[in-house]
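In case you want the letters, here they are:
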Amino acid sequence: MGDDADRTPSREENSRSGLTPKQRLGTANPRLLDACIVTIHDMETLQECVAYENQHEQRVPILEMLARRAEELREEDES
């Protein structure tokens with residue numbers, strides 16, 4: 001059971017969550033935004049969220065959070 005909790009979901013599993021960028025980023029609640037961003041597990045989803053944020057809200061703090069998550073994903077890929 002512990003092994004499943006430690007693994008990163010695949011892109012297919014992430015896509016199956018059914019969350020669109022609007023659903024992930026469409027709130028002003030900082031705790032919810034943080035939770036939605038840390039559950040992004042692939043660059044494709046992250047890029048979709050960045051594009052959505054740039055086109056709609058353009059909130060600099062959210063774009064910075066997405067940039068930090070991108071760096072985390074790159075580091076995970078390297079290890």
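Report on the accompanying structure. Just so we're clear, the structure is a prediction, and the values are computed from it rather than from any experiment.

Brief notes about the side chain of arginine 69
Mapped onto the elements, arginine 69 comes out in helix α6 (residues 60–78). The residues contacting arginine 69, other than those within four sequence positions of it, are Ile37, Val38, Ile40, His41, Leu46 and Glu76.

Some points on the pattern of salt bridges
This structure, assessed with the given rule, holds 4 salt bridges. Across the pair arginine 69 and glutamate 72 runs a salt bridge, and its minimum N-O distance is 2.9 Å. Of the two residues, arginine 69 and glutamate 72 are both situated in helix α6; the distance of 3 residues between them amounts to about one turn of the helix. Since its relative accessible area comes to 6%, arginine 69 is described here as buried. Taking the relative accessible area as the measure of exposure, glutamate 72 reaches 37% and is therefore partly exposed. Connected via shared salt-bridge partners are Arg69, Glu72 and Glu76.

Points about the packing of helix α5 (residues 43–55) against α6
Running from N to C, α5 and α6 cross one another at 165 degrees; their axes reach a closest spacing of 10 Å. Between α5 and α6, the angle falls in the class roughly antiparallel. Between α5 and α6 the crossing geometry is left-handed. Residues Met43, Leu46, Cys49, Val50, Glu53 and Asn54 of α5 form the contact with α6, whose participating residues are Ile62, Leu63, Leu66, Arg69, Ala70, Leu73 and Arg74. Looking at the contact of α5 with α6 residue by residue, the classes come out as 9 nonpolar, 1 polar and 3 charged.

Conventions we followed
Residues numbered from 1 in each chain as written. Predicted model: local features only at pLDDT ≥ 70, side-chain atom pairs only at ≥ 80, totals over all residues. Heavy atoms only, no water. Helix = DSSP H or I, 4+ residues; strand = E, 2+ residues; numbered from the N terminus. Contact = heavy atoms within 4.5 Å. Salt bridge = Lys/Arg side-chain N within 4 Å of Asp/Glu carboxyl O. Buried < 20%, exposed > 50% of the residue type's maximum accessible area, 1.4 Å probe, protein only. Axes fitted to C-alpha atoms, helices over the stretch in contact; angles between N-to-C directions. Parallel < 35°, antiparallel > 145°, perpendicular 65-115°, else oblique. Left-handed = near helix turned anticlockwise from the far one by under 90°. Nonpolar A, V, L, I, M, F, W, Y, C, P; charged D, E, K, R; others polar.

Bear in mind that shape data such as this cannot, by itself, settle questions of function.
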